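Here is what each chain is made of, one letter per residue.
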Number of protein chains: 2
Amino acid sequence: MAIRQKNDTGDLPLDVILDGDCVARMNALPENSVDLIFADPPYNLQLKGELHRPDNSKVDAVDDHWDRFNSFNSYDKFSREWLAAARRLLKPNGAIWVIGSYHNIFRVGSALQDAGFWILNDVVWRKSNPMPNFRGKRLTNAHETMIWAAKSDTAKYTFNYEALKALNEGVQMRSDWVLPICNGNERLKDDNGDKAHPTQKPESLLHRVLIGSTKPGDVVLDPFFGTGTTGAVAKRLGRHYIGIEREAAYRKVAEKRLAAIKRYDRDALEVSTSKRAEPRVAFGTLVERGLLRVGAELRSLNGRHKAKVRADGTLVAFDTKGSIHQVGAALEGAPSCNGWTYWTFKRSGDWVPIDLLRQQIRAEMAPA
Amino acid sequence: MAIRQKNDTGDLPLDVILDGDCVARMNALPENSVDLIFADPPYNLQLKGELHRPDNSKVDAVDDHWDRFNSFNSYDKFSREWLAAARRLLKPNGAIWVIGSYHNIFRVGSALQDAGFWILNDVVWRKSNPMPNFRGKRLTNAHETMIWAAKSDTAKYTFNYEALKALNEGVQMRSDWVLPICNGNERLKDDNGDKAHPTQKPESLLHRVLIGSTKPGDVVLDPFFGTGTTGAVAKRLGRHYIGIEREAAYRKVAEKRLAAIKRYDRDALEVSTSKRAEPRVAFGTLVERGLLRVGAELRSLNGRHKAKVRADGTLVAFDTKGSIHQVGAALEGAPSCNGWTYWTFKRSGDWVPIDLLRQQIRAEMAPA
DNA sequence: TTAGCATATGAATCTCCTC
DNA sequence: TGAGGAGATTCATATGCTA
């Protein structure tokens, strides 16, 4: 039985999943009644042919009917409509999060601004394990973008600065979040053992969103509920959720998922932290950053070999080209070589290991 | 004295800084003549009263009734105008990069798509040393967004995949780039010792952009040249630059900066190339040259299949005949197959890939 | 039991040349 | 201009099988 909360303009059903069209559903709810909206709308990917991995396996593309739009115009119309309904529903001090990729996020961001929302941050979800670009034709698409916006430029939105700082090992939370994609046990499966939803978001992402921008007891609405990640995290964190989902199959999975979720005890909300590994530094970074000049000469530690630095961070020595490790190994006739300790460069008259420059970069990357 | 390059439609001034309005300047240059455009447009969208029209006049903001819609409208008009001029100027296989923050990037991204550009990636510049958010009211704004787009969805844009992979320690380059902001010695100062430009970009950022998406000798245009970071990196990397900058003070700093830049040695500018650039070798050549005997047996790398070499350079395996690729694909039930790496032949008791023989032929073909 | 190897897969706008 | 053929191309995880 759904809890109901009395509002100025009527009743708001809480902790429920509603079916049907999200615009109609939102318009049927009382205005100015929701604290936060998290929206993961269709991305309008516009995929054409099939794509195979180098091992010839086929990539399971997002080709679902709900992601197909005829044009940017029809996608913009769709965005304006659901954003208007979302805006009506939000309390004056409420906020909205929208997630997307380069296919749609510029459209959505513009529509959001046109509707009068006030952008607070754009937040980059940097995926620690994205799918690579198999054909080597573009950069690995390794991130998605979220927009966090208040209802107006004067709204007093919720921002739990200290909680996010604590989540981030005592350092102010930045606008780029490194989190793994949703897979393994967390990834919901259907009766056939296939993924229940093509684009399930990781709970860690919603955890950070809700910890940072809601209070316990707040009402969080997700108009594109899918398999209910927003609801699951909200319930666990002691927030109320309202999900809207058109597809019966997704609703069914979400209902089952949510029934099994238990709210955290307050003391369980503390986050554990882990020691971070030494960040890896690419040799090319030294070149890009100007710490090593393109064309500079490097010498081996034993003084027997030399090489020249190229613009892409590779070395050339006589007829050998490659990474600092490859060229070192080739010149020494060795199976492998740690180029960082093998090569030296000239600084103030002395030949010193290039590893010193790596340490310098790492020092800059480290938290204060 | 500026170099000039003869084009179909007229002369293109190279390695120069042009003054005046960028739209008018671009429209005065020959169409389809530029390989790459890097643009860092102004985005003072929400600094009330500081919005610039294309003619550099300021929009009069009414303090109490500031009209967001009008402001976005005039910014969009500005974006459409300079993007149209940029598009005209680009070669059909040229590309554009635009950088911005959440204040303007959604507007620019939408305008870019509306103008017909085809987005290839959005790239996040993740600042390793951003300015913190002092008031603790939002997340640290620790990144900026770049959009990389081709002139059309069928364009053959330049992408030096192997060079970027080499810059990234042998791992495919991702869409998130960690680089420090421009400060220290690199940050240009004016005569008073103040920073010469408020948003000077780091050369490392441009290094990666130009290494990844241009070739030596390409023409790179920057319509918002500022103090000339694009030109500085282009010159060093052996690319031509054209800068357009309206402010005399910035031009002056840029001129001095560029005069001091020296180009890297030519051999340092060579970057790692892909196998696609290697000369093509027909499998039949191996047979003709006697490197593989007619009737010799080949085995698949996984050991599951075998085939026999025929006199015309095709293979036969049971009822399947055809090229090394076709037979491999048929036997594996795969949509395609690279026969060079799929098939092995027996040499001195070991089964080794036939690709070794191709490499042998290529070595003989290569200049000494 | 476990280490090691093979296999599976994730919001993807993913080729190019010749006839 | 379209069809067909050559042949280039992947990173981080999770799971399951084998020795």
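Note that the structure is predicted; figures quoted are calculated from it, not measured.

Q: Lay out the protein's contact with DNA strand D in plain terms, naming residues and giving numbers.
A: All names here are of chain B. Taken together, 29 residues form the shell around DNA strand D, and within it Tyr161, Lys165, Gln172, His325 and Arg358 come nearest. A distance of 2.6 Å is found between a phosphate oxygen of DNA strand D and a side-chain nitrogen or oxygen belonging to Tyr161. Within the side chain of Lys165, one N or O atom sits 2.8 Å away from a phosphate oxygen of DNA strand D. Looking at the surface near DNA strand D, the elements with two or more residues in it are α4 (161–167) and α10 (324–332). At three residues, the largest contribution of residues to the surface near DNA strand D is made by α4.

Q: So what's going on with the nonpolar core? Residues and values would help.
A: Core analysis: the largest hydrophobic core is formed by 71 residues, its most contacted members being A:Trp82, A:Ile96, B:Trp82 and B:Ile96. Looking at which element gives the most residues to this core, the answer is helix α2 (residues 68–89) of chain B, with seven residues. The residues contacting A:Ile96, other than those within four sequence positions of it, are A:Ile37, A:Trp82, A:Leu83, A:Ala86, A:Leu90, A:Leu112, A:Phe117, A:Ile147, A:Trp148 and A:Ala149. Core analysis: the second largest hydrophobic core is formed by 67 residues, A:Trp340, B:Met146, B:Tyr161 and B:Val209 among them.

Q: Go over the UniProt feature "domain: DNA methylase N-4/N-6" (unreviewed entry) in chain A with me, naming the residues and quoting the values.
A: Taking the UniProt record as the reference, the feature "domain: DNA methylase N-4/N-6" (unreviewed entry) is found at residues 34–256 of chain A. Structurally, residues 34–256 of chain A comprises 28% helix and 22% strand, and the distance from its first C-alpha atom to its last is 24 Å.

Q: Please give an account of the interface of chain B and chain A that cites residues and values.
A: A common way to state how big an interface is: give the accessible area lost once the parts meet. Listed as interface residues are 75 residues of chain B and, on the opposing side, 73 residues of chain A. Summing both sides of the interface, chain B and chain A together bury roughly 6,500 Å²; the carbon and sulfur share of this comes to 49%. Summed over the three residues of chain B that lose the most area to chain A, namely B:Phe106, B:Leu139 and B:Glu169, the buried surface amounts to 12% of that side. A salt bridge links A:Lys321 to B:Glu270; its shortest N-O distance comes to 3.4 Å. The interface formed by chain B and chain A contains 42 residue pairs in polar contact (both at pLDDT 80 or more). Mapped by element, the contributors of at least two residues to the side of chain B that touches chain A are α2, α3 (105–114), β6 (118–127), β7 (143–150), α4, β8 (176–179), α5 (203–213) and α8 (266–269) of chain B. Counting residues per element, the side of chain B that touches chain A draws most heavily on β6(B), which supplies nine residues. Each residue belonging to the side of chain B that touches chain A can be placed in one class, and the counts come to 36 nonpolar, 20 polar and 19 charged.

Q: I'd love a proper account of the protein's contact with DNA strand C, names of residues and values included.
A: The immediate surroundings of DNA strand C are formed by 38 residues, with A:Gln46, A:Arg53, A:Tyr102, A:Arg135 and A:Arg187 found nearest. Within the backbone of A:Tyr43, a nitrogen or oxygen atom sits 3.1 Å from a base nitrogen of DNA strand C. Between DNA strand C and B:Trp118 there is a distance of 3.3 Å, counted from a base oxygen to a side-chain nitrogen or oxygen. Partitioned by chemical class, the residues of the surface near DNA strand C number 18 nonpolar, seven polar and 13 charged.

Q: Lay out the sheet that holds strand β13 (residues 315–317) of chain B with the relevant residues and their values.
A: Strand-to-strand pairing in sheets goes through backbone hydrogen bonds, with the strands running parallel or antiparallel. All names here are of chain B. Ordered by their spatial adjacency, six strands build an open sheet running β14-β13-β12-β11-β15-β16, and the pairing between neighbours is antiparallel. For this open sheet the edge positions go to β14 (320–322) and β16 (350–353), each flanked by a neighbour on one side alone. The mean inter-strand angle of the sheet, taken between neighbouring strand axes irrespective of direction, is 35°. The sheet strands contacting helix α12 (residues 355–365) are β15 (343–347) and β16, and the helix crosses β16 at an angle near 55°.

Q: Pulling in residues and values, what's your account of the packing of α5(B) against helix α6 (residues 229–236) of chain B?
A: The description of two packed helices rests on the angle between their axes and on the distance between the axes. Residue and element names in this part refer to chain B. At a minimum axis distance of 9 Å, the contact between α5 and α6 shows a crossing angle of 55°. Comparing their axes, α6 and α5 come out oblique. Our pair here, α5 against α6, has a crossing hand that is right-handed. Contacts between α5 and α6 pair Glu203, Leu206, His207 and Leu210 from the former with Thr229, Thr230, Ala232, Val233, Ala234 and Arg236 from the latter. Residue composition of the contact of α5 with α6, by class: five nonpolar, three polar and two charged.

Q: Describe in detail the sheet that holds strand β12 (residues 306–309) of chain A, supporting the description with residues and values.
A: Residue and element names in this part refer to chain A. Taken in spatial order, the six strands line up as β14-β13-β12-β11-β15-β16 in an open sheet, and their pairing is antiparallel. Across the chains shown, the open sheet's two edge strands, defined by having one partner strand only, are β14 (320–322) and β16 (350–353). Each neighbouring strand pair of the sheet contributes to a mean axis angle of 35°, computed without reference to strand direction. Lying over the sheet, helix α9 (residues 324–332) contacts β13 (315–317), β14 and β15 (343–347), oriented at roughly 150° with respect to β14.

Q: I'd like a description of the packing of aromatic side chains, backed by residues and values.
A: This structure, assessed with the given rule, holds 25 aromatic pairs over all chains. Here the aromatic rings of A:Phe106 and B:Phe106 are separated by 6.3 Å at their centres, their planes lie at 40°, and the arrangement is tilted. With A:Phe106 in helix α3 (residues 105–114) and B:Phe106 in helix α3, the pair connects residues from two separate chains. The two residues A:Phe106 and B:Phe106 agree in class, both being buried. When the centroid spacing of 4.9 Å and the interplanar angle of 85° are considered together, the rings of A:Tyr342 and A:Trp343 count as edge-to-face. Note on accessibility: A:Tyr342 and A:Trp343 belong to one class, buried. Site record: aromatic cluster; members linked through ring pairs are A:Trp97, A:Trp148, A:Tyr157, A:Phe159, A:Tyr161 and A:Trp177. The side chain of A:Arg107 reaches across the aromatic face of A:Phe72, ending 4.4 Å from its centre. Directly above the aromatic system of A:Trp125 lies the positively charged group of A:Lys127, at a separation of 5.0 Å from the ring centroid.

Q: How would you explain helix α7 (residues 248–260) of chain A if you had to name every residue and give the values?
A: All names here are of chain A. With 13 residues, α7 ought to run about 18 Å at 1.5 Å a step, and its terminal C-alpha atoms sit 19 Å apart, in line with that. Every buried residue of α7 is listed here: Tyr250, Arg251, Ala254, Arg257 and Leu258. Projected down its long axis, α7 shows its buried positions confined to an angular sector of 130°, all on one face. For α7, exposure combined with an orientation more than 90 degrees from the buried face picks out Ala249, Lys252, Lys256, Ala259 and Ala260. Summarising the contacts, the buried residues of α7 are in contact with β3 (16–18), α5 (203–213), α6 (229–236) and β10 (240–244).

Q: If you had to explain the pairing of strand β5 (residues 90–100) of chain B to someone new, which residues and values would you point to?
A: Residues and elements named next belong to chain B. Burial runs high along β5: eight of the 11 residues are buried. Across five bridges, strand β4 (residues 34–39) lies against β5 in parallel orientation. Paired with Phe38 across the strands is Trp97, a residue of β5.

Q: Just give me the short version of unusual backbone geometry, but keep the residues and values in it.
A: Residue A:Phe318 is not a glycine yet carries a positive backbone phi of 50°. Tracing the backbone through its elements, the reader meets A:Phe318 in the loop between β13 and β14. Residue A:Phe318 is classed as exposed on the basis of its relative accessible area, which comes to 80%. Phi is positive for B:Glu169, close to 65°, though the residue is something other than glycine. On the secondary structure map, B:Glu169 appears in the loop between α4 and β8. Take B:Glu169: its relative accessible area is 26%, and that puts it in the partly exposed class.

Calculation criteria
Sequence order as written defines residue numbering, which begins from 1 separately in each chain. To label them, take the chains in the order written and letter them from A, then take the ligands in the order written and number them from 1. The model is predicted, so local features are restricted to residues of pLDDT at least 70 and side-chain atom pairs to those at 80 or more, both for listing and for counting; the totals for chains, interfaces and linings are taken over all residues. Computation of side-chain values: all heavy atoms of the structure, hydrogens and water removed. Proximity is defined per residue: if any heavy atom of the residue lies within 4 Å of a molecule or strand, that residue is considered near it. Any pair of nitrogen or oxygen atoms within 3.5 Å is treated as a polar contact; in protein, a donor-acceptor pairing is required on top of that, and neighbouring residues in sequence qualify only through side-chain atoms on both sides. Every helix listed is a DSSP run of H or I at least four residues long, and every strand listed is a run of E at least two residues long, numbered separately from the N terminus. Throughout this description, the term nonpolar core refers to a set of buried Ala, Val, Leu, Ile, Met, Phe, Trp, Tyr and Cys residues connected via side-chain atoms within 4.5 Å. Buried, partly exposed and exposed residues are distinguished by accessible area as a fraction of the type maximum, computed with a 1.4 Å probe on protein chains only: under 20%, between the cut-offs, and over 50%, respectively. Residue contacts are defined here by distance: any two heavy atoms, one from each residue, within 4.5 Å place the two residues in contact. UniProt positions are given in the numbering used here, feature names are shortened, and annotations may be inferred rather than shown by experiment. A 1.4 Å probe defines the accessible area here, and the buried area is the portion of it lost by two parts on being joined, summed over both. Here a salt bridge means any side-chain nitrogen of Lys or Arg lying within 4 Å of a carboxyl oxygen belonging to Asp or Glu. In the scheme used here, Gly and all other residues not listed as nonpolar or charged are polar, with Ala, Val, Leu, Ile, Met, Phe, Trp, Tyr, Cys and Pro taken as nonpolar and Asp, Glu, Lys and Arg as charged. Being paired, for any two strands, means DSSP has found at least two bridges between them. Here, axes are lines fitted to C-alpha atoms. For helices the fit covers the stretch in contact, and angles between N-to-C directions go from 0 to 180 degrees. Note that the term roughly parallel is reserved for angles under 35 degrees, roughly antiparallel for angles over 145, roughly perpendicular for angles of 65 to 115, and oblique for everything else. Here a crossing is taken to be left-handed if its near helix is turned anticlockwise relative to the far helix by less than a right angle, and right-handed if that turn runs clockwise. Only centres within 6.5 Å qualify two rings of Phe, Tyr or Trp (six-membered ring in Trp) as a pair; their planes then separate them into stacked at under 30 degrees, edge-to-face at over 60, and tilted for everything else. Distance and angle both matter: a charge sits over a ring if NZ of Lys or CZ of Arg is within 6 Å of the ring centre and within 35 degrees of the ring normal. Given a helix with a known number of residues, its expected span is that number minus one, times 1.5 Å. By arc we mean the arc of the directions from the helix axis to the C-beta atoms, nothing more.

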